[in-house]
Amino acid sequence: MGSARELKKIPVPFRPRLGENGIRTALAENFMDKFVIRGGNPLVGTIRVSGAKNAALPAMAAAILTEEPVILENIPDVRDIRTERTLLVSMGAEVELGYGRAHHRTTLCCRNLANPEAAYELVKTMRASTLVLGPLVARMGRARVSQPGGCAIGARPIDLHIKGLEQLGATITQDHGYIEASAERLRGGHIIFDKITVTGTEDLMMAATLAEGETVMENCALEPEVSDLAVLLNKMGARIEGAGTSTIRIQGVSKLHGARHRIIPDRIEAGTFVIAGALCGGDLTVSNCDPGHLGALLKKLEECGVQFKTSENSVRVTGGHALAAADVSTEEYPGFPTDMQAQYMALATQASGVSAITENIFENRFMHAQELVRMGANIMVEGSRAVVHGPAQLSGAAVQCSDLRASASLVIAALVAEGETILDRVYHIDRGYERIEEKLRSVGAQIRRMGEILPKKAAAPVGVA
Ligand code: EPU
């Protein structure tokens, strides 16, 4: 038996605590960074899609281009958005958040930007922080932005942002892990992207709005998020034509003004729920989305035998039908999105036959494959190709999230697996999916955040058809 002194050292059983004012302590956060999912329930009802994270991030950066307030609606309440808010505030921006029914509204006013810098601490947690580079140099004449460094899904350099800014007349130096850009006033230029880049197109489009003269950008990204940003910038007084095509023309203006804009729905969140609905059985309506942005995904799902119907702003999917394997190659928009590759792999594990999945955008975006294998999937990865043999009976296991979309894939797999899955490091999913566990629970899924206290009686599914 130990002495009284030794006994005192025995740790008390761990209980997650809420700190003062209900703020979670780091310990409780860590404990709550897990989902517990029990598979097998059909999904029945309606899930409402949030605003697109990848449209909201550049839209927030666009506020830097004017002294006047920019009001953004349909901003998703996700971790990456909070990070960008922190970044803008650190530069001197004033931010006002809507509350109650307007809680997805954010008003940004960048009148006084005393500190045009994106520090490493923030950039390392979110690469999209580099979106402030172009707007800062265009409006403030200087910017200091940390180099983002490596990323879980690939190298993801920003050389094309830098090269483009140089073509617009900025002087760029790189030192101590930071990029410093300066220009008295940017001037229009001719930019031909060596490779299609989404945030690169957005960054330079923002920079060119305040440049002197005309900028022509070729080989631009066609993603709906680029078009949405152009709509916002034009509302602010910019003169942009051709966004959504591969050539964008921008006539520079001397000043932009405030505007109000509603962010487009998140096509990747929508696609994630459509796949979940297809696999789980039941009758799921994914509402508040734009099926026009889901073309390549829906075409592929049709090929696999998924039964769905689209309306102007929703997709209704009835699950539980036999699925057939189909090959997929990720491409830039309007091709099959790399951001849906992981979720599609979860579907492929349930389809009869062999699906070859080729990832063409990022070099290391198959980390979910090994976790799916741990759940019973039959997947072989070779370089940029994964070959999935299905269908496989998945069984619940302890698995780890490695990035945002990989996490979504594992949630889907867990929803169809037999038994219980413990999904660790779900902070990855919180970066880009707004309260995914609550949304899924509202349509019948058994999913909870560890440490979360649920009401005794589960709420009735929302909007059951
Ligand atoms: N690339 C370069 N040099 C550059 C920029 C890009 O070589 O200067 C390469 C990248 O390494 C990659 C390819 O070009 O191989 C495409 O990268 P892109 O720049 O288009 O990616 P991104 O703009 O950094 C956005 C989304 C990603 C999405 C990709 C591809 C945002 C904030 N992020 O990233 O979203 O996967 O486009 O569609 O818009 C996600 O939401 O999970 C996510 C990763």
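Conventions adopted
- Residues numbered from 1 in each chain as written.
- Predicted model: local features only at pLDDT ≥ 70, side-chain atom pairs only at ≥ 80, totals over all residues.
- Heavy atoms only, no water.
- Helix = DSSP H or I, 4+ residues; strand = E, 2+ residues; numbered from the N terminus.
- Contact = heavy atoms within 4.5 Å.
- Near = heavy atom within 4 Å.
- Polar contact = N/O pair within 3.5 Å; in protein donor to acceptor, adjacent residues only side chain to side chain.
- Areas by Shrake-Rupley, 256 points an atom, 1.4 Å probe, with all protein chains shown as cover.
- Phe/Tyr/Trp six-rings, centres within 6.5 Å; stacked < 30°, edge-to-face > 60°.
- Buried < 20%, exposed > 50% of the residue type's maximum accessible area, 1.4 Å probe, protein only.
- Lys NZ or Arg CZ within 6 Å of the ring centre and 35° of its normal.
- Pairing = 2+ DSSP bridges.
- Axes fitted to C-alpha atoms, helices over the stretch in contact; angles between N-to-C directions.
- Core = buried A, V, L, I, M, F, W, Y, C linked by side-chain atoms within 4.5 Å.
- Salt bridge = Lys/Arg side-chain N within 4 Å of Asp/Glu carboxyl O.
- Parallel < 35°, antiparallel > 145°, perpendicular 65-115°, else oblique.

S.K.: Looking at this model, I keep getting lost on the side chain of S355. Mind explaining?
M.R.: Mapped onto the fold, S355 is located in strand β19 (residues 353-358). Filtering out sequence-adjacent residues up to four positions away, S355 remains in contact with A325, A326, D327, A348, A386, V387 and V388.

S.K.: Explain the site of the ligand here, please?
M.R.: Taken together, 21 residues lie near the ligand, and T197, T199, D339, I361 and R405 sit nearest. Interatomic distance of 3.0 Å between a side-chain N/O atom of N54 and an oxygen atom of the ligand. A distance of 2.7 Å separates an oxygen atom of the ligand from a polar side-chain atom of R405. When the free accessible area of the ligand is taken as 830 Å², the share hidden by the protein chains comes to 89%.

S.K.: Please clarify how the packing of aromatic side chains should be interpreted in this entry.
M.R.: Aromatic ring pairs: the centre-centre distance and the angle between the two ring planes describe each pair. Counted by the stated rule, this structure contains one aromatic pair. Seen from their ring centres, F336 and Y344 are 5.6 Å apart, and the 75° between their planes marks the pair as edge-to-face. On the accessibility criterion, F336 (6% relative accessible area) is buried. Cation over ring: R144 sits above Y178, and NZ or CZ is 3.9 Å from the ring centre.

S.K.: Explain the sheet that holds strand β18 (residues 328-329) to me, please; I cannot follow it from the model alone.
M.R.: Backbone-to-backbone hydrogen bonds join strands into a sheet, with any given pair of strands oriented parallel or antiparallel. Strand order in this open sheet of four strands is β18-β19-β21-β20, and the pairing throughout is mixed. With partners counted over all chains shown, the strands left at the sheet margins are β18 and β20 (378-382), one partner each. Of the pairings in the sheet, the one linking β19 to strand β21 (residues 385-390) comprises six bridges and is antiparallel in character. Looking across to β21, one finds that I357 is bridged to A386. Running over the sheet, helix α12 (residues 341-348) touches β18, β19, β20 and β21 and is turned about 170° from β19.

S.K.: Could you clarify how one ought to interpret the nonpolar core in this entry?
M.R.: For soluble globular proteins, the rule of thumb is that nonpolar side chains tend to be buried together. Core analysis: the largest hydrophobic core is formed by 74 residues, its most contacted members being V132, L165, L186, M205, M217, L233 and M236. The dominant element in this core, judged by the number of residues it contributes, is helix α3 (residues 53-62), at seven residues. Not counting residues within four places of it along the chain, the set of residues in contact with M217 comprises I191, F193, T201, L204, M205, S246, T247, I248 and I250. Core analysis: the next-biggest nonpolar cluster, separate from the first, contains 69 residues, A326, V328, A346 and V426 among them.

S.K.: Could you clarify how one ought to interpret the environment of S311 in this entry?
M.R.: By secondary structure assignment, the location of S311 is in the loop between β16 (307-310) and β17 (314-318). For S311, a relative accessible area of 36% translates into the label partly exposed. Engagement of the side chain of S311 in a polar contact is seen with the side chain of S314, the distance being 2.7 Å.

S.K.: Would you take a moment to explain the pattern of salt bridges for this structure?
M.R.: Any two side chains of opposite charge can pair, on the condition that their charged atoms come close. Under the defined criterion, the tally for this structure stands at 21 salt bridges. Note that E180 is salt-bridged to R144, the shortest N-O span being 3.1 Å. Of this pair, E180 sits in strand β9 (residues 178-182) while R144 sits in strand β7 (residues 142-146); the two residues are 36 residues apart in sequence, bridging distant segments of the chain. When its relative accessible area of 25% is taken as the criterion, R144 is described as partly exposed. A network of salt bridges, in which partner residues are shared, links K53, D80 and R431.

S.K.: Sorry, what's going on with the packing of helix α6 (residues 133-140) against helix α8 (residues 198-209) here?
M.R.: A packed helix pair is summarised by two numbers, namely the angle formed by the two axes and the spacing between the axes. In contact at an axis separation of 7 Å, α6 and α8 are set at 10° when each is read in the N-to-C sense. Taken together, the axis directions place α6 and α8 in an arrangement best described as roughly parallel. Touching L133, G134, P135 and A138 of α6 are D203, M206 and A207, all from α8.

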